[in-house]
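What the coordinates show
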Amino acid sequence: MRSRIHSNLVGIQNTPTISAGKKFQLDDLIEAQQFDREILADIFEVAREMEKVEKNSPGSQVLKGYLMATLFYEPSTRTRLSFESAMKRLGGEVLTTENAREFSSAAKGETLEDTIRTVEGYSDIIVMRHFESGAAKRAAATTEVPVINAGDGPGQHPTQALLDVYTIDREIGKLDGIKVALVGDLANGRTVRSLAYLLAKYQDVKIYLVSPDVVKMKDDIKDYLTSKGVEWEESADLMEVASKCDVLYQTRIQRERFGERIDLYEEARGKYIVDHDITVDVDADPRAAYFRQAKNGLYIRMALLKLLLVGW
């Protein structure tokens, strides 16, 4: 597979275009369980080629003539702009709505399925963020165009997990044998759920689950890790865990997931703050990878759009 990718992408530094090749294995990108190690390695190789496209050409035209619809039922800045930038870097065009929950036909009572069928007629690929877990799977079952899950409630956020693993690989230099602390709102954090699924693909990984009691990781993820032979340990002590880890993956306590239970939110918020004792305090620390992580998201999403629309 890798040799095939290389032959398709050879000479990329000297030309703004990339040739289409064999069809990508996946029709939609809904959840982290869809990937195996081989697909992950291949996507990461294409992402590295996307770095060259972004840095060394005035603009690729590989997706010229393609339209991407970003349908966001929850607010987003980074994810939506990352996808839109990725599409435009490859010569494609974007149709966008940032708050479809309030400013679309959904506010008038239109079903998700009807909205997707309508948007399908306008676009070649749909990137969707929704407040309900499972919404992306419903959308994919409704349409013939590819659907990318950009976050579905407390469910999953697979493209974030892909860029997270890609970043860990670039920063640490390996994925087998690493120790990772997942910190914060583990009950509602779709990013940590997806990341846990992907980390389980690698060997000798240990995961520390660090959270307040009210937002502990749900049993389905812990059971999955156990079933895959991944060692995991729960803790409420970030200071103790931090010294044992290669990676600290910090997530926020998500106010929007608590509904009316403000008391539980207040109980959980502010428990774990990463500063020089263990917030722009750490921005200058060379170990702080979050800005590089955000840029890696552009390369991963460029790779995914290319693969889903024109193949390897």
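It should be emphasised that the depicted structure is a prediction, and the values quoted were computed from it without experimental measurement.

1. Details of the overall build of the protein chain
Looking only at helices and strands, the protein chain features 11 helices and eight strands. Within the span of the protein chain, comprising 312 residues, buried residues form 54% of the whole. Within the structure as shown, the protein chain displays about 14300 Å² of accessible surface, and the carbon and sulfur contribution to it stands at 47%.

2. Side note on the sheet that holds strand β3 (residues 125–130)
Read from one edge of the open sheet, four strands run β2-β1-β3-β4, paired in parallel fashion. Where the open sheet ends on each side, the last strands, each with one partner, are β2 (93–97) and β4 (147–152). Taking the axes of each pair of neighbouring strands and ignoring which way they run, one obtains an average angle of 15° across the sheet. Judged from the four bridges that link them, β3 and β4 form a sheet pairing that is parallel. From the neighbouring strand, V127 faces β4, where its bridge partner is I148. Across the sheet, helix α3 (residues 78–89) lies against β1 (67–72), β2, β3 and β4, angled at about 175° from β1, the strand it touches most.

3. Section: unusual backbone geometry
Positive phi is not limited to glycine here, since D204 has a value of about 55°. Mapped onto the elements, D204 comes out in the loop between α7 (190–199) and β6 (206–210). A residue is classified by how much of its surface remains accessible, and D204, at 67% relative accessible area, is exposed.

4. Looking at the sheet that holds strand β8 (residues 247–250)
Pairing is parallel across the open sheet formed by four strands, whose spatial order is β7-β6-β5-β8. Looking at which strands have only one partner, the edges of the open sheet turn out to be β7 (231–235) and β8. In this sheet, adjacent strand axes meet at a mean angle of 20° when their direction is disregarded. Where strand β5 (residues 179–183) meets β8, four bridges bridge the pair, whose relative direction is parallel. Following the sheet pairing, L182 is matched in β8 by Y249. Strand contacts of α7: β5, β6 and β8, with the helix running at about 165° to β5, the strand carrying the most contacts. Strands in contact with helix α8 (residues 219–227) are β6 and β7; relative to β7, the strand with the most contacts, it is inclined by about 145°.

5. Some words on the environment of R170
In this fold, R170 is placed in helix α6 (residues 158–172). We classify R170 as partly exposed; its relative accessible area is 40%. Sequence separation between R170 and F44 is 126 residues, and the spatial gap between their C-alpha atoms is 10.0 Å. A polar contact of 2.4 Å, which involves the side chain of R170, links it to the side chain of E51.

6. So, α7
Counting buried positions along α7 yields 10 of 10 residues, so the element is predominantly enclosed. Among the residues making up α7, those that are buried are R190, T191, V192, R193, S194, L195, A196, Y197, L198 and L199.

7. Some thoughts on the packing of aromatic side chains
Per the stated rule, a full pass over the model turns up four aromatic pairs. Taken together, a centroid distance of 5.4 Å and an interplanar angle of 50° make the contact between F44 and Y166 tilted. One end of the pair, F44, is in helix α2 (residues 37–56); the other, Y166, is in helix α6, with 122 residues separating them in the sequence. Given the relative accessible area of 3%, F44 is considered buried. When the centroid spacing of 6.4 Å and the interplanar angle of 70° are considered together, the rings of Y73 and F131 count as edge-to-face. Taken together, the positions of Y73 in the loop between β1 and α3 and F131 in the loop between β3 and α5 (135–142) put the pair 58 residues apart, joining distant regions of the chain.

8. Quick look at the nonpolar core
Counting 67 residues, the largest nonpolar core has F35, I43, F44, L162, L182 and I300 as the members making the most contacts within it. Apart from residues lying up to four places away in sequence, F44 is in contact with L162, V165, Y166, L175, Y202 and I300. In terms of nonpolar packing, the next biggest core, distinct from the first, is built from 15 residues, I30, L71, L112 and A136 among them.

So, how was this worked out
Residues numbered from 1 in each chain as written. Predicted model: local features only at pLDDT ≥ 70, side-chain atom pairs only at ≥ 80, totals over all residues. Heavy atoms only, no water. Helix = DSSP H or I, 4+ residues; strand = E, 2+ residues; numbered from the N terminus. Buried < 20%, exposed > 50% of the residue type's maximum accessible area, 1.4 Å probe, protein only. Areas by Shrake-Rupley, 256 points an atom, 1.4 Å probe, with all protein chains shown as cover. Pairing = 2+ DSSP bridges. Axes fitted to C-alpha atoms, helices over the stretch in contact; angles between N-to-C directions. Contact = heavy atoms within 4.5 Å. Polar contact = N/O pair within 3.5 Å; in protein donor to acceptor, adjacent residues only side chain to side chain. Phe/Tyr/Trp six-rings, centres within 6.5 Å; stacked < 30°, edge-to-face > 60°. Core = buried A, V, L, I, M, F, W, Y, C linked by side-chain atoms within 4.5 Å.

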